[in-house]
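A structural walkthrough
The lines below spell out each chain.
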Amino acid sequence: MQLDTLEEYLNRLLQSSQIKDFCPNGIQVSSDREIKKIVTGVTASQALLDSAIERQADAVLVHHGYFWKNEDPRIVGLKKNRLATLLKHDMALLAYHLPLDVHNELGNNKQLAMRLGLREISAHSELTPFGIVMQGELSQALGAQAFSDQVSAQLGRAVTLVKGGDFLVKKVALCTGGGQGYIEAAKQAGADLFLSGEISEQTTHFAREAGIHYIAAGHHATERYGVKSLGEHLAAHFSVAVEFVDIDNPA
């Protein structure tokens, strides 16, 4: 498979041209190699690049790539080292940020919602940009702590629960990664609990005062499933080997 063909397919699948993002989506570092093996991961860290080289990958596909808006544009430090690694090994880098968050089947939000057992999952396109907040329902109402324990077991890590009162959880809204700022939209949508990756100081106060439970389950932990599912999709549709590499990150 040629790199341009891969990018064209992914751009169309994820409708990346329709989403205004904080970084370029698609090819971030080019390569002349035929794409026979792809390593997928959450972030294009040096550890992921090194793992891709060990696995003789032709391309790396991630959720968090490079060249973020307002970052230092100079090629120095860690950025220089990472780019040097890719260029030395003629290994391509593709990244999809918001398009991978919001995709209605392969996206981070949808994939996490399904793994948490939510039903009737839909995006809140009216309340949030690109429908970046999704909401679903549990098959039966649970206490906030009981649901938090289920989330922790699914993700394999401790999570932070802020209780918004003494009521059960039935409707759950979520936005993976750094989506804690959408808690107000989740409350407006009628959710009993909002889940995201990170927590801010004000998130706690809003949850307690507005009466909505909140779970911070980890930025990395909540965003593992989208890129993994995207890679599995590519492997099922093309003659290309794909391997997901999970670089541990407690954040």
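Because the structure is predicted, anything quoted here is derived from the model rather than measured.

**A word on helix H5 (residues 108-115)**
Most of H5 is tucked away, with six of its eight residues classed as buried. Among the residues of H5, those classed as buried are Asn108, Asn109, Lys110, Gln111, Leu112 and Ala113. Two residues or fewer after H5 comes glycine 117, characterised by a positive phi angle close to 80°.

**A few points about the pairing of strand S8 (residues 169-175)**
The buried fraction of S8 is high, at five of seven residues. As judged from the five bridges shared by strand S6 (residues 134-142) and S8, these two strands associate in the antiparallel manner. Directly across from glycine 136, in S8, lies its bridge partner valine 172.

**A few points about the packing of aromatic side chains**
Per the stated rule, a full pass over the model turns up three aromatic pairs. With a centroid separation of 6.1 Å and 80° between ring planes, the pair formed by tyrosine 66 and phenylalanine 67 is classed as edge-to-face. We classify tyrosine 66 as buried; its relative accessible area is 5%. Look at phenylalanine 67 and you get partly exposed, because its relative accessible area is 31%.

**Quick word on the nonpolar core**
Judged by nonpolar contacts, the single largest core of 20 residues is most densely connected at Phe147, Val151, Leu195 and Ile215. Elements supplying a minimum of two residues to this core: H5, S6, helix H6 (144-155), S8 and strand S9 (193-196). Setting aside residues up to four positions removed in sequence, leucine 195 forms contacts with Leu112, Leu116, Val151, Ala173, Leu174, Cys175, Ile215, Ala217 and Thr222. Grouped together as the second largest cluster of nonpolar side chains are 19 residues, Ile35, Tyr96, Leu100 and Leu234 included.

**As for the sheet that holds strand S10 (residues 213-216)**
Two pairing modes exist for strands in a sheet, parallel and antiparallel, and in both the strands are linked by backbone hydrogen bonds. One open sheet holds the six strands; their spatial order is S5-S6-S8-S9-S10-S7, and the pairing between them is mixed. Each edge of the open sheet is held by one strand with a lone partner, namely strand S5 (119-123) and strand S7 (160-162). Sheet twist, expressed as the average angle between the axes of neighbouring strands with direction ignored, equals 20°. Sheet contacts for H6: S6, S7, S8, S9 and S10; angle to S6, the most-contacted strand, approximately 115°.

**Focus: the pairing of S10**
Burial along S10 is two-sided: the face carrying His213 and Ile215 and the face carrying Tyr214 and Ala216 are both buried. Bridge analysis of S7 against S10 gives three bridges, and the strand direction is antiparallel. Opposite threonine 160, over in S10, you have alanine 216 as the bridge partner. Where S9 lies against S10, four bridges are found, and the strand directions are parallel. Bridge assignment links leucine 193 to a residue of S10, and that residue is histidine 213. As a crossover connection, the stretch from S9 through helix H8 (residues 201-210) into S10 is right-handed.

**Focus: the sheet that holds strand S3 (residues 59-64)**
Taken in spatial order, the five strands make up an open sheet running S1-S4-S3-S2-S11, and their pairing is mixed. Of all strands in the sheet, those bounded by a partner on one side alone are strand S1 (26-29) and strand S11 (241-244). Going from strand to strand, the sheet's axes swing by 30° on average, the running direction of each strand aside. Relative to the sheet, helix H2 (residues 46-54) contacts strand S2 (37-43) and S3, its axis offset from that of S2 by approximately 165°.

**Some words on the side chain of asparagine 109**
Within the fold, asparagine 109 resides in helix H5. Judged by its relative accessible area of 0%, asparagine 109 is buried. The contact partners of asparagine 109, leaving out residues within four places of it in the chain, are Asp101, Ile132, Met134, Leu174, Cys175 and Thr176.

Cut-offs used in this document
Residues numbered from 1 in each chain as written. Predicted model: local features only at pLDDT ≥ 70, side-chain atom pairs only at ≥ 80, totals over all residues. Heavy atoms only, no water. Buried < 20%, exposed > 50% of the residue type's maximum accessible area, 1.4 Å probe, protein only. Helix = DSSP H or I, 4+ residues; strand = E, 2+ residues; numbered from the N terminus. Pairing = 2+ DSSP bridges. Phe/Tyr/Trp six-rings, centres within 6.5 Å; stacked < 30°, edge-to-face > 60°. Core = buried A, V, L, I, M, F, W, Y, C linked by side-chain atoms within 4.5 Å. Contact = heavy atoms within 4.5 Å. Axes fitted to C-alpha atoms, helices over the stretch in contact; angles between N-to-C directions. Right-handed = clockwise from strand over helix to strand, strands pointing away.

Shape descriptors only; they carry no functional weight alone.
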